[in-house]
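# Coordinates in review
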Amino acid sequence: MAERMLQFVSLPQEMPEKRAASERRDDFGEIYRAFAVDHAERQASRCSQCGVPFCSVHCPLGNNIPDWLKLTAENRLEEAYRLSSATNTFPEICGRICPQDRLCEGNCVIQKDFESVTIGAVEKFITETAFDQGWVKPRMPSRERAQSVGVVGAGPAGLAAAEWLRALGYQVHVYDRHDRVGGLMVYGIPSFKLEKHVLARRHELLEAQGIVFHLSTPIGEGEGGLSFEALREKHDAVFLGTGVYRSREVSVPGSGLGGVVQALDFLTASNRRGYRETPGDDAVLHARGKHVVVIGGGDTAMDCVRTSIRQGAEKVTCLYRRDRANMPGSVQEVKNAEEEGVNFAWLAGPEAFLGDGSVSGVRAHKMRLSLPDASGRQSVEAVPESSFVIEADLVIKALGFDPEDLPGDWNAPELAVTKWGTLKVTPGRFETSVPGVFAGGDIVRGASLVVWAIRDGREAAAEMHQFLSGAESMTSDHAAQAVAAE
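The structure contained in this document is the topic of the report that follows. As the structure is a prediction and not an experimental result, all values here were calculated from the model.

### Quick notes on the overall build of the protein
Counting secondary structure elements, the protein contains 19 helices and 15 strands. A globule of 486 residues ought to have a C-alpha radius of gyration of about 23 Å, and the protein, at 24 Å, matches this closely. Projecting the C-alpha coordinates of the protein onto the three principal axes gives extents of approximately 75 × 65 × 50 Å. Relative to its full complement of 486 residues, the protein shows a buried share of 54%. For the protein, long-range pairs separated by at least 24 residues make up 71% of all intrachain contacts whose partners lie at least 6 apart in sequence. Of the accessible surface of the protein, which amounts to about 21000 Å², a share of 50% is contributed by carbon and sulfur atoms. Across the protein, the mean location of the 53 positive side-chain charges is 3 Å away from that of the 66 negative side-chain charges.

Set out below in structure tokens:
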């Protein structure tokens, strides 16, 4: 069937149909329509089946992309799904929100002149077909083990670790302070990128697998929570996949004015409305009729500007201190935002937030890029006497996230952290300074991508299995006690 492949010389790159900007501005539905099977097959057939697949090399999960593209081109979709899901715990999520332009597609060898294969769209197509056809089943263990594992955090790292450990037969309990499964995917990512039924569907699969979820259960000494000490006593091993939730600040005058809010607060309020819930301070955290300025240039900033458009903002401006070429966010997300009516103020940094009680404007100054440093990154500096004012009655700070103080919040000084506040783990083993406690995802590597968190969760699960297998020679009495404790 080799003739089906290498069709990039005759077939152009084709994305799934994108809904018109005028239509998608009015709702929170995903902006891309689904591939039809013949379109997916044609796009998969563009793969060159190169000897060194850089798409796989640059995928954090090492997905066997050329192989499942070939299977898709041959309409062997169930086999394609089996191969895709073998290396990716949540392909339906990665196909939607991975920045393919920076990972697999961005390193496709046929990109120059011919444009890369639409890997993410095909991945989404394969997995949605698998769900529709009933091919997706919970991965049940072949044997049950008496040992139990506690997983803190129902985000991608925690869920990936939980799924793998449960498949190995461990009794897995997942704890999360939120009332829904997904971590930042559920409250931090808008539905136009990841519709919430996708997460709910995966939640049901994980429960069917036998994973027990304890939602609205924070770790710590607070009301309704579970202390770190009690958590460790309940389980034979613990995985920490808490993510990073502490928003970074911008140190300029006026930061305390009303209407100056954090990105996560704004996005959480918007996502809760999607669940027909009313946030506490609805008026402040809603963009309807307002002049909105978003500070930042990453994917979270793009989520904020595009959410503001959908909420009916009068005008939305993204203020970013570098130029378009140096934006950390997805190129496609910037393009989508521009199509939907977002204004971009490039090479501009905030100087002060203006207002009397509530914000009325942002005073900014123009920036310029200097020569690249040793890392290749250009630093920025303010242009003297270049200030200007942008009208604003809602300012959203989207400058990224840092880790919370877990040792302090959990009364666990034995948990060692790095100078950045992330948890310190043994390289390659994911074990923290506390024996039997492992960690991965953003709480170890800092704010990063969902796909890296999935990888960390899976690799940490393998290390935890090694740890627990060494402890499995416990007496039958101890085993009986462990089962009874569950």
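### Comments concerning helix 18 (residues 450–470)
Look at helix 18: 31 Å from first C-alpha to last across 21 residues, which is about the 30 Å you get at 1.5 Å a residue. Every buried residue belonging to helix 18 is among Val-450, Val-451, Ala-453, Ile-454, Asp-456, Gly-457, Arg-458, Ala-460, Ala-461, Met-464, His-465 and Leu-468, and all of these are buried.

### Here we look at the nonpolar core
Counting 72 residues, the largest nonpolar core has Leu-69 and Ile-93 as its most contacted members. In terms of residue count, the dominant contributor to this core is helix 18 (eight residues). Residue contacts for Leu-69: discarding those within four places in its chain leaves Met-5, Ala-44, Cys-47, Val-117, Ile-119 and Val-122. In terms of nonpolar packing, the next biggest core, distinct from the first, is built from 26 residues, Ala-263, Leu-285, Val-316 and Cys-318 among them.

### Things to note about the environment of Met-367
Looking at the element boundaries, Met-367 is found in strand 11 (residues 358–372). With near-sequence residues (within four places) excluded, Met-367 lies in contact with Arg-321, Leu-347, Ala-348, Gly-349, Val-380, Glu-381, Ala-382 and Val-383.

### Section: the pairing of strand 8 (residues 315–319)
Of all five residues in strand 8, four are buried; the element is thus mostly enclosed. The pairing of strand 7 (residues 291–295) with strand 8 spans five bridges and is parallel. If you follow Val-292 over to strand 8, its bridge partner there is Val-316. Handedness of the crossover is the feature at issue here: the chain leaves strand 7, passes through helix 14 (residues 299–310), returns alongside strand 8, and the resulting connection is right-handed. In the sheet, strand 8 pairs with strand 9 (residues 343–345) via three bridges, with the strands oriented parallel.

### Thoughts on unusual backbone geometry
Although it is not a glycine, Leu-347 sits at a positive phi angle of roughly 50°. By the element assignment, Leu-347 lies in the loop between strand 9 and strand 10 (348–356). In this structure, Asn-411 takes a positive phi of about 50° despite not being glycine. With respect to the helices, strands and loops of the structure, Asn-411 is situated in the loop between helix 16 (406–409) and strand 15 (437–439). Overall, the relative accessible area of 56% leaves Asn-411 in the exposed class.

### What about the state of the cysteines?
A covalent bond between the sulfur atoms of two cysteines is referred to as a disulfide. Evaluated as defined, the whole model comprises zero disulfides. Lacking any disulfide linkage, Cys-318 is separated from the closest cysteine sulfur, that of Cys-304, by 9.4 Å. Using a relative accessible area of 0% as the deciding quantity, one classes Cys-318 as buried.

### Some points on the sheet that holds strand 13 (residues 394–397)
If you walk across this open sheet you meet the five strands as 6-13-7-8-9, and the pairing is parallel. Edge positions in the sheet fall to strand 6 (260–262) and strand 9, since each has one partner strand and no second. Here the average twist between neighbouring strands, direction ignored, is 25°. Where helix 13 (residues 263–274) meets the sheet, its contacts fall on strand 6 and strand 13, and the angle it forms with strand 6 comes to roughly 75°.

### Section: the sheet that holds strand 2 (residues 171–175)
Each strand in a sheet pairs with its neighbour through backbone hydrogen bonds, running either in the same direction (parallel) or in the opposite one (antiparallel). Read from one edge of the open sheet, five strands run 3-2-1-4-15, paired in parallel fashion. Since the sheet does not close on itself, it has two edges, and those belong to strand 3 (212–214) and strand 15, each with one partner. The mean inter-strand angle of the sheet, taken between neighbouring strand axes irrespective of direction, is 20°. Bridge count for strand 4 (residues 237–240) against strand 15 is three bridges, and the pairing is parallel.

### As for the packing of helix 9 (residues 156–167) against helix 18
Viewed as axis vectors pointing N to C, helix 9 and helix 18 meet at an angle of 35°, and their least axial separation amounts to 7 Å. For the element pair helix 9 and helix 18, the recorded crossing hand is right-handed. Taken together, the residues of helix 18 that come into contact with helix 9 (itself represented by Pro-156, Ala-157, Ala-160, Ala-161, Trp-164 and Leu-165) are Val-450, Ala-453, Ile-454, Gly-457, Arg-458, Ala-461, Met-464 and His-465. Residue classes in the contact of helix 9 with helix 18 are distributed as 11 nonpolar, two polar and one charged.

About the cut-offs
- Residues numbered from 1 in each chain as written.
- Predicted model: local features only at pLDDT ≥ 70, side-chain atom pairs only at ≥ 80, totals over all residues.
- Heavy atoms only, no water.
- Helix = DSSP H or I, 4+ residues; strand = E, 2+ residues; numbered from the N terminus.
- Rg over C-alpha atoms; globule rule 2.2 N^0.38 Å.
- Buried < 20%, exposed > 50% of the residue type's maximum accessible area, 1.4 Å probe, protein only.
- Contact = heavy atoms within 4.5 Å.
- Areas by Shrake-Rupley, 256 points an atom, 1.4 Å probe, with all protein chains shown as cover.
- Lys, Arg positive; Asp, Glu negative; His and termini not counted.
- Charge placed at Lys NZ, Arg CZ, Asp CG, Glu CD.
- Expected span 1.5 Å × (residues − 1).
- Core = buried A, V, L, I, M, F, W, Y, C linked by side-chain atoms within 4.5 Å.
- Pairing = 2+ DSSP bridges.
- Right-handed = clockwise from strand over helix to strand, strands pointing away.
- Disulfide = S-S within 2.5 Å.
- Axes fitted to C-alpha atoms, helices over the stretch in contact; angles between N-to-C directions.
- Left-handed = near helix turned anticlockwise from the far one by under 90°.
- Nonpolar A, V, L, I, M, F, W, Y, C, P; charged D, E, K, R; others polar.

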